[in-house]
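Listed here are the chains, written in short residue letters.
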2 protein chains.
Amino acid sequence: MSNSSLKSIAKNLSLSVSTVSRALNDYKDISQNTKKLVNETVVELGYQPNIFAQRLASGNPECLGFVIPWRDGQLNDPFLGELMTGMSTALTEIGWDLTVLVAKSFENEVELFKKLSISKNLSGLIISRTLRNDKRFKILTDLKIPFVAHGRSLNCSSSSWLDVDNERAFYDMTKHFISLGHRKIAHICGPKVYNFSMQRIEGWKKALFETGIQIKSDFLQVADLSFDGGKIAMDKLLKLKEFPTAVSCVSDTVAMGAMQSIRNHNLSPGKEISLMGYDGLELGAWIDPPLSTMTQPIQTVGKDLAEMLVNLVKDKKKPSSLQKLVRANFLRRGTDNSPMTTF
Amino acid sequence: MSNSSLKSIAKNLSLSVSTVSRALNDYKDISQNTKKLVNETVVELGYQPNIFAQRLASGNPECLGFVIPWRDGQLNDPFLGELMTGMSTALTEIGWDLTVLVAKSFENEVELFKKLSISKNLSGLIISRTLRNDKRFKILTDLKIPFVAHGRSLNCSSSSWLDVDNERAFYDMTKHFISLGHRKIAHICGPKVYNFSMQRIEGWKKALFETGIQIKSDFLQVADLSFDGGKIAMDKLLKLKEFPTAVSCVSDTVAMGAMQSIRNHNLSPGKEISLMGYDGLELGAWIDPPLSTMTQPIQTVGKDLAEMLVNLVKDKKKPSSLQKLVRANFLRRGTDNSPMTTF
DNA sequence: ATCTTCAACGAAAACGCTTTCGGAGTCAAA
DNA sequence: TTTGACTCCGAAAGCGTTTTCGTTGAAGAT
């Protein structure tokens, strides 16, 4: 029946439990023949290992924890599902589990880390939403909890991380505006506590600098990562004596807010003022004109994150040897155009 | 140090391991005094139980699996994060874990169920995206896997589920249009394989029937649950000799598509044609005019789902005794208005 | 024939906890 | 004094694996 244990297989083949176990784990002191027999019996009996016994005996939880980003109450990350699907895909291949953790606050998160470091219920963690100066890198390192960060921080050089090349993305975006003929290019950035905010500012600055365009401090506006944030920031830009003709926005959500502000001023996004967002949100295509943006392959990122953590835990690689930069891709829709000559 | 085990506590108090264990589990054959001592030592030594040992010994995984909905490749459920946060919140309170499962297809999902029924690695499952005639209810019941469904099905009477009162919601929505003066009210529904599609149709029909408004079959359009789906469906409605003046849409996404169609026909959403969506997507507020819709308290739903499953597993309640209907709430924004008299 | 080598397996301890069972001790009733 | 009931605790088995170590038998070398 569903009598599923090593013992039943052992009895079935007149072998010992330990032999069966080692056969399944591909030990080299088990003959090929025996391994074949065992594997056949496994499928025949529909054996499924008891992971709790495995984990207790081996000492390895084979279980990865994903810390859901809390970002002050509102978490409506549209990529969460895809990200976790990517992780799960990579993990199920090797029989690991994905469990989710929710931290309500920073203190709560740290407390959670401490418990984990004692209980050792998880092989490692994946954290996201990294800050410019993210204390979690040091805390987790000190607690000796293996982890991979989705996003970098100032002090991440000896840790393992995967990040988009934010600087490159916004460098490219700005260069793109320049090649379209724009010279007055503003940037609406996110709160500077986030590392990606700073990186994106850098990219924007670098492109302007390289082209010899003077960087006007008025053309850099900080915004909350929300629709309203984008609207307010754009309002400010439109109060300047001299408008920008193009605006690179830190996110699609912010760009949508900016577009509404533009319309409120009786201007047309993509005409008088070009703009681009970032994230590749589907809904950007639903509005008129559809928002140009940049995307990243989220599912792949999730898979990579999981695989990196497994490398860290299983193959005991050095964290600093596992760092990966992925590139964002242009998704031109309707809001990146040449500046109007009449304007 | 981090020498954290029952044994260390036992040694510390000159008690036996079994006494400590029973003290922690609040057995009644342990004196109050001993319990107090044990609990104090626990916090003093910072003891964290080894969940794998616990689960192996007790036989209860204390672990809940959430099956991420696959819906043909694209899964961008904006509520996923909130839903899981709700679940996790309820579970951490009682020390349970939440692990996620991804099924790539229906066959894949069934295979996964079968494995689970043997390995018993999970205490139970939460499934979502239920179909009108969802085979999973019978499969899981037959496999004796405890589960709670987020959403109903035709054959769910003896199972445990939590669902929104879809019929009520769309009944209310339609009645609302009627009270605004509309008489020509169409409905764009989702694919009829989904149970909620049928329920929402029912609600719409019921309100019309009650009011004595004849139900025109042309006024019911099936759409994919996407922006394009909504657009196409609305296009069809606008090809009719006689337009509807109000349209109730199965989802916000579909409603957004419908709005674009309306604009493409040089009409104004909320003026010539009122419409409402469903889901309460934030982005509905970002467009002009902002989309009226209906919402449900997702985090609470997640928490309830988890608690129901715990009741099912721990307190061994009958599945049919755990069924819960929650109500959706109006979120009036800008697209539900009285019909234009001049139209 | 003896000794070594090696492949292939079994025995048994260990992982850290739960749970059953029995026993020691106390106290009151007979 | 004996009996019974009751409280509180310890011993020990067990959960299903993994992993170390020792053993067996056969093959090859001398």
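Definitions and limits used
- Counting starts from 1 at the beginning of each chain's written sequence and moves along it residue by residue.
- Labels are handed out in written order, letters beginning with A for the chains and numbers beginning with 1 for the ligands.
- Reporting of local features is limited, given that this is a predicted model, to residues whose pLDDT is at least 70; pairs of side-chain atoms are given and counted only at 80 or more, and all residues count toward the totals for whole chains, interfaces and linings.
- Excluding hydrogens and water, the side-chain figures rest on all heavy atoms present in the structure.
- In this text, helices come from DSSP runs of H or I with a minimum length of four residues, and strands from runs of E with a minimum of two, each type numbered from the N-terminal end.
- The quantity called the radius of gyration is restricted to C-alpha atoms. Its globule counterpart is 2.2 Å times the number of residues to the power 0.38.
- To sort residues, take the accessible area from a 1.4 Å probe on protein chains only and compare it with the maximum for the residue type: under 20% means buried, over 50% means exposed, and anything in between is partly exposed.
- One speaks of a salt bridge when a side-chain nitrogen belonging to Lys or Arg is within 4 Å of a carboxyl oxygen belonging to Asp or Glu.
- At least two bridges found by DSSP between two strands is the condition for calling them paired.
- Only the stretch in contact is used when fitting a helix axis, every axis being a line fitted to C-alpha atoms; angles between N-to-C directions are given from 0 to 180 degrees.
- Only heavy atoms matter for contacts: two residues are in contact if any of them lie within 4.5 Å across the pair.
- Start and end positions for the domains come from either an automated domain assignment or a database one.
- As a working definition, buried area equals the accessible area (1.4 Å probe) given up by two parts on being put together, with both sides summed.
- Amino acids are sorted into nonpolar (Ala, Val, Leu, Ile, Met, Phe, Trp, Tyr, Cys and Pro), charged (Asp, Glu, Lys and Arg) and polar (every other residue, Gly among them).
- Here the nonpolar core consists of buried residues drawn from Ala, Val, Leu, Ile, Met, Phe, Trp, Tyr and Cys, with membership extended through side-chain atoms lying within 4.5 Å.
- Our superposition of the copies is a least-squares fit, built on the C-alpha atoms of residues whose pLDDT is at least 70 in both.
- Near residues are defined by distance, with any heavy atom within 4 Å of the molecule or strand qualifying the residue.
- We call two N or O atoms a polar contact when they sit within 3.5 Å, provided that within protein one can donate a hydrogen and the other can accept it, with sequence-adjacent residues counted only if both atoms are side-chain atoms.
- Here the expected length of a helix is defined as 1.5 Å per residue gap, with one fewer gap than residues.

A. Structural context of the overall build of chain A. Along chain A, the regular secondary structure elements total 12 helices and 12 strands. On C-alpha atoms alone, chain A measures out to a radius of gyration of 26 Å, which is more than a quarter above the 20 Å that the 2.2 N^0.38 rule sets for 343 residues. In terms of overall dimensions, chain A has C-alpha extents of about 90 × 40 × 35 Å along its principal axes. The burial tally for chain A puts 54% of its 343 residues in the buried class.

B. Fine view of the pattern of salt bridges. All names here are of chain A. Taken as a whole and judged by the stated rule, the model has 28 salt bridges over all chains. Its salt-bridge partner being Arg136, residue Glu109 comes within 2.8 Å of it at the nearest N-O pair. Of this pair, Glu109 sits in helix H6 (residues 106-119) while Arg136 sits in helix H7 (residues 135-142), placing them 27 residues apart in sequence. Under the relative-accessibility criterion, Glu109 is labelled buried at 1%. The exposure class assigned to Arg136 is buried, which follows from its relative accessible area of 6%.

C. Quick look at the sheet that holds strand S9 (residues 274-276) of chain A. All names here are of chain A. One open sheet holds the 4 strands; their spatial order is S7-S6-S8-S9, and the pairing between them is parallel. One side of each edge strand has no neighbouring strand; the edge strands of this open sheet are strand S7 (220-222) and S9. Here the strands of the sheet are splayed against their neighbours by 20 degrees on average, with no regard to which way each runs. One ladder, built from 3 bridges, connects strand S6 (residues 185-189) with S7; its direction is parallel. By the bridge assignment, His187 is partnered in S7 with Leu220. Contacts from helix H8 (residues 166-179) reach S6, strand S8 (246-249) and S9 within the one sheet, and its direction differs from that of S8 by about 165 degrees. Across the sheet, helix H9 (residues 195-211) is in contact with S6, S7 and S8; its angle to S6 comes to roughly 170 degrees.

D. Examining the domain arrangement of chain A more closely. Residues and elements named next belong to chain A. Domain annotation of chain A identifies domain 1 (6-49), domain 2 (63-165 + 298-327) and domain 3 (166-295). Here the C-alpha centroids of domain 2 and domain 3 sit 29 Å apart. With 15 residues of domain 2 in contact, the opposing surface of domain 3 contributes 16 residues. Between domain 2 and domain 3, the buried area comes to about 1,300 Å², and carbon and sulfur atoms account for 46% of it. If you sort the residues of domain 2 by the area they bury against domain 3, Arg132, Asp165 and Arg327 come out on top, with a joint share of 44%. Our count for the domain 2 to domain 3 interface comes out at 1 salt bridge. Where Asp172 meets Arg327, a salt bridge forms, and the shortest distance between an N and an O atom there is 3.8 Å. A breakdown of the residues in the side of domain 2 that touches domain 3 according to their chemical character gives 5 nonpolar, 3 polar and 7 charged.

E. Region of interest: the nonpolar core. Formed by 150 residues in total, the largest nonpolar core has its most connected members in Ile188 of chain A together with Ile188 of chain B. In this structure, Ile188 of chain A is in contact with Gln221, Ala223, Gly230, Ala233, Met234, Leu237, Val247, Ser248, Cys249, Val250, Val254 and Ala258 of chain A, ignoring residues within four places of it in sequence. Counting 16 residues, the second largest nonpolar core, distinct from the first, contains Cys63, Leu112, Leu125 and Trp161 of chain B.

F. Structural view of the relation of the copies chain A and chain B. When chain A is fitted to chain B, the residual RMSD is 0.1 Å, and the transformation amounts to a turn of 180 degrees plus an axial shift of 0.0 Å. Both copies are brought into coincidence by an operation consistent with a two-fold rotation axis. Within chain A, Thr99 of chain A has its C-alpha nearest the rotation axis, a separation of 2.1 Å. Same-surface contact between copies: 100% of interface residues of chain A are shared with the interface of chain B.

G. Molecular detail of the protein's contact with DNA strand C. In the vicinity of DNA strand C, 26 residues are found, and the nearest of them are Thr19 and Thr34 of chain A together with Leu6, Ser21 and Tyr47 of chain B. Backbone atoms, meaning sugar and phosphate, form 59% of the atoms of DNA strand C found within 4 Å of the protein. Here a phosphate oxygen of DNA strand C sits 3.4 Å away from a polar atom, N or O, in the side chain of Asn25 of chain B. Within the contact set of DNA strand C, a phosphate oxygen lies 2.7 Å away from a side-chain nitrogen or oxygen of Tyr47 of chain B. Contributing elements (two or more residues each) for the surface near DNA strand C: helix H2 (17-24) and helix H4 (51-58) of chain A together with helix H2 (17-24) and helix H4 (51-58) of chain B. Ranked by the residues each element gives to the surface near DNA strand C, the list is headed by H2 of chain B, at 4 residues. Classifying every residue of the surface near DNA strand C by side-chain character gives 11 nonpolar, 12 polar and 3 charged.

H. View of the interface of chain A and chain B. With 41 residues of chain A at the contact, the number on the chain B side is 41 residues. When chain A packs against chain B, the two sides together hide about 3,900 Å² of surface, and 65% of this comes from carbon and sulfur. Linking chain A with chain B are 0 salt bridges, by the criterion used here. Our enumeration of links across chain A and chain B arrives at 6 residue pairs in polar contact (both at pLDDT 80 or more). Listing elements by their share of the side of chain A that touches chain B, those giving two or more residues are H4, helix H5 (80-93), strand S2 (97-102), H6 and helix H11 (252-264) of chain A. With 7 residues, the single largest contributor to the side of chain A that touches chain B is H5 of chain A. For the side of chain A that touches chain B, the per-class residue count stands at 20 nonpolar, 15 polar and 6 charged.

I. Quick peek at the sheet that holds strand S6 (residues 185-189) of chain B. Residue and element names in this part refer to chain B. In spatial order, the strands read S7-S6-S8-S9; together these 4 strands make up an open sheet with parallel pairing. Each having just a single partner strand, strand S7 (220-222) and strand S9 (274-276) make up the two edges of the open sheet. Each neighbouring strand pair of the sheet contributes to a mean axis angle of 20 degrees, computed without reference to strand direction. Where strand S8 (residues 246-249) and S9 come together, 3 bridges link them in parallel fashion. Following the sheet pairing, Ala246 is matched in S9 by Ser274. Its contacts with the sheet put helix H10 (residues 227-237) on S6, S7 and S8, and the angle it makes with S6 is roughly 150 degrees. The strands touched by helix H11 (residues 252-264) within the sheet are S6, S8 and S9, with S9 carrying the most contacts at an inclination of about 160 degrees.

J. Local environment of the protein's contact with DNA strand D. Close contacts around DNA strand D come from 26 residues, with Ser21 of chain A together with Thr19, Arg22, Asp29 and Thr34 of chain B the closest. Counting only the atoms of DNA strand D within 4 Å of the protein, the fraction contributed by sugar and phosphate is 60%. Here a phosphate oxygen of DNA strand D and a side-chain polar atom of Ser21 of chain A are 2.4 Å apart. Thr19 of chain B places a side-chain nitrogen or oxygen 2.3 Å from a phosphate oxygen of DNA strand D. Contributions of two or more residues to the surface near DNA strand D are made by H2 and H4 of chain A together with H2 and H4 of chain B. For the surface near DNA strand D, a count of residues per class yields 11 nonpolar, 12 polar and 3 charged.

K. Representation of the side chain of Thr41 of chain B within the structure. All names here are of chain B. Among the structural elements, Thr41 can be located in helix H3 (residues 32-45). At 2.8 Å, the side chain of Thr41 and the backbone oxygen of Leu37 are in polar contact. Ignoring sequence-local partners within four residues, the contact set of Thr41 consists of Ile9, Asn12, Leu13 and Gly46.

L. Here's a closer look at helix H9 (residues 195-211) of chain B. All names here are of chain B. For H9, built from 17 residues, the straight-helix expectation of 24 Å at 1.5 Å per residue is met to within 8% by its first-to-last C-alpha distance of 25 Å. Summarising the contacts, the buried residues of H9 are in contact with strand S5 (160-164), helix H8 (166-179), S6, S7 and S8. Just downstream of H9, Gly212 is the residue with a positive phi angle, here 80 degrees.

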